Amino acid sequence: MRSENVRKEKISFIGTGVMGSSIIKHLLNASYEVTVFTRTKKKAEPLVALGAKWADNVAEAIQDADIIFTMIGMPSDVEEVYLSNQGIFANGRPSQIVVDMTTSSPELAIAIAEKAASLQMNSLDAPVSGGDIGARNGTLSIMCGGQKELFEKVLPILSVFGKQIVYQGQAGAGQHAKMCNQITVAGNMIGACEAIAYAMKSGLDPDTMLQSVTSGAANSFSLSDLGPRIINENYEPGFYVKHFVKDLNIALQETERLNLKLPGLQLARDMYTELLAKGYGENGTQVLIKKYIE
């Protein structure tokens, strides 16, 4: 345990969405000083009320930070936050640590690590899995890529909001592991929705069906955690469709680069792309059930 007279790292957190907000709350509860910035200030107001400091821009947010976390939407957002003239690298200083928790491309993670090293900064790619529930409960799975020594240094902070925190390898490895996660989730979501649609059509009570199926070999997060939401027609996002389409597109780009064909991944991407085109981008991934019951 840390001695109480040892100064805790000052944290900057950029991005206060569904996941980021819960993570920041855990950090505040652990008595870390956290400065936040997001494009829409209103989203951060509940966090400021809990003790977070607000910054008007990235440069202000990272000014005094020892560790800078980012958890934003798209790879283009990551590029802007890190690589623009108003971004982290243009306004950071040597010895600062950057930890990108956005699900992004492995190539971008490597580029960020190389740029950080050139500025005598340090970088980890650390995407997460577990959805809104995992973030709220502090039980996220965190997949890390970068220098092993840096991972070990940041591990105590990651442990504040993560449960399964695994070092995957050098820069980009965390993002590759997250692609494996998203490929699995894509298949599980199709299976969960098809099982529930079958239950409904066959005359079973879906809730009763879940009691049996989630207790056996077929169980998954998609079935046990999102299955009840599907049955209750609750499509609020634990993870947005628009972000899932982004992730599946990244995974497919990587499979092309690796000369690997994954037809299940292709099918899931196409199904979610259709939902996105129909206006379901702000809904959670469980809205896939609409492909079967409408």
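Quick notes on the rules
Residues numbered from 1 in each chain as written. Predicted model: local features only at pLDDT ≥ 70, side-chain atom pairs only at ≥ 80, totals over all residues. Heavy atoms only, no water. Axes fitted to C-alpha atoms, helices over the stretch in contact; angles between N-to-C directions. Helix = DSSP H or I, 4+ residues; strand = E, 2+ residues; numbered from the N terminus. Parallel < 35°, antiparallel > 145°, perpendicular 65-115°, else oblique. Left-handed = near helix turned anticlockwise from the far one by under 90°. Contact = heavy atoms within 4.5 Å. Nonpolar A, V, L, I, M, F, W, Y, C, P; charged D, E, K, R; others polar. Core = buried A, V, L, I, M, F, W, Y, C linked by side-chain atoms within 4.5 Å. Buried < 20%, exposed > 50% of the residue type's maximum accessible area, 1.4 Å probe, protein only. Phe/Tyr/Trp six-rings, centres within 6.5 Å; stacked < 30°, edge-to-face > 60°. Pairing = 2+ DSSP bridges. Right-handed = clockwise from strand over helix to strand, strands pointing away. Salt bridge = Lys/Arg side-chain N within 4 Å of Asp/Glu carboxyl O.

**Q** Tell me about the packing of helix α9 (residues 173-202) against helix α14 (residues 263-277), residues and numbers included.
**A** Viewed as axis vectors pointing N to C, α9 and α14 meet at an angle of 70°, and their least axial separation amounts to 9 Å. Relative to α14, the element α9 is oriented roughly perpendicular. Handedness of the crossing formed by α9 with α14: left-handed. Counting all contacts with α9, which are made through Ile 183, Ala 186, Met 189 and Ile 190, the residues of α14 involved are Leu 265, Leu 267, Ala 268, Met 271 and Tyr 272. Among the residues making up the contact of α9 with α14, the classes are represented as 9 nonpolar, no polar and no charged.

**Q** Describe the nonpolar core, and please don't skip the residues or the numbers.
**A** Phe 69 and Ile 88 are the most contacted members of the largest nonpolar core, which totals 53 residues. With 32 residues, the next largest nonpolar core counts Met 209, Leu 223, Val 245 and Ala 268 among its residues.

**Q** Explain the packing of aromatic side chains to me, and be specific about the residues and the numbers.
**A** In this structure the tally under the stated criterion is 7 aromatic pairs. Arranged with centres 6.2 Å apart and planes meeting at 85°, the rings of Phe 239 and Phe 244 form a pair that is edge-to-face. Given a relative accessible area of 0%, Phe 244 falls into the buried group. Ring geometry for Phe 244 against Tyr 272: centres 4.9 Å apart, planes inclined by 90°, an arrangement best described as edge-to-face. Placement of Phe 244 in helix α13 (residues 241-257) and of Tyr 272 in helix α14 is noted, with a sequence separation of 28 residues between them. Like Phe 244, the residue Tyr 272 is buried in the burial classification.

**Q** Now, about unusual backbone geometry: what can you tell me, with residues and values included?
**A** At Glu 233, a position not held by glycine, the phi torsion is positive, near 55°. For Glu 233, the position within the fold is in the loop between α12 (227-231) and α13. According to the relative accessible area criterion, Glu 233 is exposed, its value standing at 60%.

**Q** Give me the pairing of strand β2 (residues 34-37): which residues, what numbers.
**A** Burial along β2 is two-sided: Val 34 and Val 36 and Thr 35 and Phe 37, pointing in opposite directions, are all buried. For β2 and strand β3 (residues 53-54), the ladder comprises 2 bridges, and the chain directions are parallel. Bridge pairing in β3 links Thr 35 to Lys 53. Note that the unit made of β2, helix α2 (residues 41-49) and β3 has a crossover that is right-handed.

**Q** Describe the environment of Cys 193, listing the residues and the values that go with them.
**A** On the secondary structure map, Cys 193 appears in helix α9. The spatial distance from the C-alpha of Cys 193 to the C-alpha of Lys 290 is 8.8 Å, given a sequence separation of 97 residues. Residues in contact with Cys 193, not counting those within four places in the same chain, are Ile 230, Gln 286, Leu 288, Ile 289 and Tyr 292.

**Q** How would you summarise the pattern of salt bridges if you had to cite specific residues and measurements?
**A** For the structure shown, the criterion picks out 10 salt bridges. Notably, a salt bridge pairs Lys 53 with Glu 33, separated by 3.2 Å at the nearest N-O pair. Note that Lys 53 is positioned in strand β3 and Glu 33 in the loop between α1 (18-29) and β2, a separation of 20 residues in sequence. For Glu 33, a relative accessible area of 33% corresponds to the partly exposed category. It is possible to trace a salt-bridge network through shared partners that takes in Glu 107, Glu 254 and Arg 257.

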